[in-house]
Amino acid sequence: TGAVVVAAHGGAWWMGDGTARDGSFGPDCAALAQRSGAVVVDVDMRLAPEHRMPAAAEDLVAAVTWARTAPIPEIAAGAPVVLWGRSSGGHAAFLAAKMLHDADADVTSLALTAPSLDLRGRGPDMREAIFGHADATDPSVSPALGDASWLPRLHVQTGSEDDTVAGGDVIVAKLKEAGGAATMSEFLATHFVAVPAVQRERITDLARHILDATGTARELPGDPSGDYDKDAIDRANEESWGR
């Protein structure tokens, strides 16, 4: 469609690069590109503790800046850009969106899947290693405690059984209260686990938001959990395993 999604993987700010990203977040990016028709830029961000926050957010800002001027035919000139982050990547994406806003370079929308936006329940040693200090009330550490009225548009996906992260619903409520455009979808999932049908629904829900936010068009399946050939997937897996 010419639209762009800049994607930030999860992993508690220190995991998720290399083969871990390729094996877990990479397939989600591929599925989202197929469903939404957008170019999905899977960013290999700098990670803590070697690179404390906001290094990852700065990398996302650089990726958005690149996407807006990328000399490749799949990205339209002046293409709308959506920032998407999962878990700790949602935190980094939120900070990146604020940096872009402060530079008068807003993204079209911010999409967050199971975002970690309130770190008051995390240990001080962890916060110290990631942010260089342990103050969980700092909005750069816990964005859910700060202002959300500046957000251009927001979509948050939560898991009904997710007890690992917090703050996504708070940010949605704050933006709505400020008169902004904010939506939220809940899925039957823990922070790490969703059955394949639910995961397909989650990707389709995200694709629908991207299409709406960017003003682009793409045919989506009527039943997002039904267009899945398990036997074909099993055969492909067995072939890749050399069986």
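Relevant structure appears above.
The following paragraphs examine the structure supplied in this document. These numbers come from a predicted model, not from an experiment. (Residues numbered from 1 in each chain as written. Predicted model: local features only at pLDDT ≥ 70, side-chain atom pairs only at ≥ 80, totals over all residues. Heavy atoms only, no water.)

1. Considerations on empty space enclosed by the protein
Under the criterion given, the structure shown has two cavities of 30 Å³ or more. Here the largest cavity defines a volume of roughly 70 Å³. Lining the largest cavity are 16 residues, with Trp13, Arg46, Leu47, Met53 and Ala56 positioned closest to its centre. Broken down by secondary-structure element, the contributors of at least two residues to the lining of the largest cavity are helix 3 (55-68) and helix 4 (88-102). Here the element with the most residues in the lining of the largest cavity is helix 4; it accounts for three residues. Of the residues belonging to the lining of the largest cavity, the class tally is nine nonpolar, five polar and two charged. Taken as a whole, the second largest cavity holds about 40 Å³ of empty space. Every residue along the wall of the second largest cavity is listed here: Asp28, Trp84, Arg86, Thr113, Gln157, Gln199, Arg202, Ile203 and Leu206. For the lining of the second largest cavity, the elements supplying multiple residues, two or more each, are strand 3 (81-86) and helix 7 (196-214). With four residues, helix 7 is the single largest residue contributor to the lining of the second largest cavity. (1 Å grid on protein atoms, 1.4 Å probe; cavity = no way out; pocket = protein on both sides within 12 Å on 5 of 7 lines; lining within 4 Å. Points joined across faces, edges and corners; volume = space filled by probe spheres on them. Helix = DSSP H or I, 4+ residues; strand = E, 2+ residues; numbered from the N terminus. Nonpolar A, V, L, I, M, F, W, Y, C, P; charged D, E, K, R; others polar.)

2. Focus on unusual backbone geometry
Put simply, Ala48 and Pro49 share a cis peptide bond, and its omega is 0°. As for its position among the elements, Pro49 is in the loop between strand 2 (39-43) and helix 3. Of the consecutive residues Met53 and Pro54, the connecting peptide bond is found in the cis state with omega at 15°. With respect to the secondary-structure elements, Pro54 resides in the loop between strand 2 and helix 3. In this structure, Ala12 takes a positive phi of about 60° despite not being glycine. For Ala12, the location among the structural elements is in the loop between strand 1 (4-8) and helix 1 (18-23).

3. Regarding the packing of helix 2 (residues 25-36) against helix 7
Two numbers describe how helix 2 lies on helix 7: the axes approach to 9 Å, and their chain directions differ by 50°. Considered as vectors, helix 2 and helix 7 are oriented oblique to each other. Considering only the axes of helix 2 and helix 7, their crossing is right-handed. Residues Asp28, Ala31, Leu32, Arg35 and Ser36 of helix 2 form the contact with helix 7, whose participating residues are Gln199, Arg200, Ile203, Thr204, Leu206, Ala207, Ile210 and Leu211. Of the residues assigned to the contact of helix 2 with helix 7, the class counts are seven nonpolar, three polar and three charged. (Axes fitted to C-alpha atoms, helices over the stretch in contact; angles between N-to-C directions. Parallel < 35°, antiparallel > 145°, perpendicular 65-115°, else oblique. Left-handed = near helix turned anticlockwise from the far one by under 90°. Contact = heavy atoms within 4.5 Å.)

4. Some points on the pairing of strand 5 (residues 154-159)
The side chains of a regular strand alternate, first on one face of the sheet and then on the other. The buried count for strand 5 comes to six of six residues, which makes it a mostly enclosed element. Residue alternation in strand 5 divides its side chains into two sets, Leu154, Val156 and Thr158 and His155, Gln157 and Gly159, and both sets are buried. Inspection of the sheet shows strand 4 (residues 109-113) paired to strand 5 by four bridges, in the parallel sense. Following the sheet pairing, Leu110 is matched in strand 5 by Leu154. Handedness of the crossover joining strand 4 and strand 5 through helix 5 (residues 124-131): right-handed. Between the parallel pair strand 5 and strand 6 (residues 182-187), the chain is carried across by helix 6 (residues 168-177), and the sense of this crossover is right-handed. (Buried < 20%, exposed > 50% of the residue type's maximum accessible area, 1.4 Å probe, protein only. Pairing = 2+ DSSP bridges. Right-handed = clockwise from strand over helix to strand, strands pointing away.)

5. Digging into the pairing of strand 3
Extensive coverage of strand 3 is indicated by the burial of six of its six residues. Side chains Val81, Leu83 and Gly85 project from strand 3 onto one buried face, and the interleaved Val82, Trp84 and Arg86 project onto a second face that is buried too. Between the parallel pair strand 3 and strand 4, the chain is carried across by helix 4, and the sense of this crossover is right-handed.

That is the geometry; function is a separate question.
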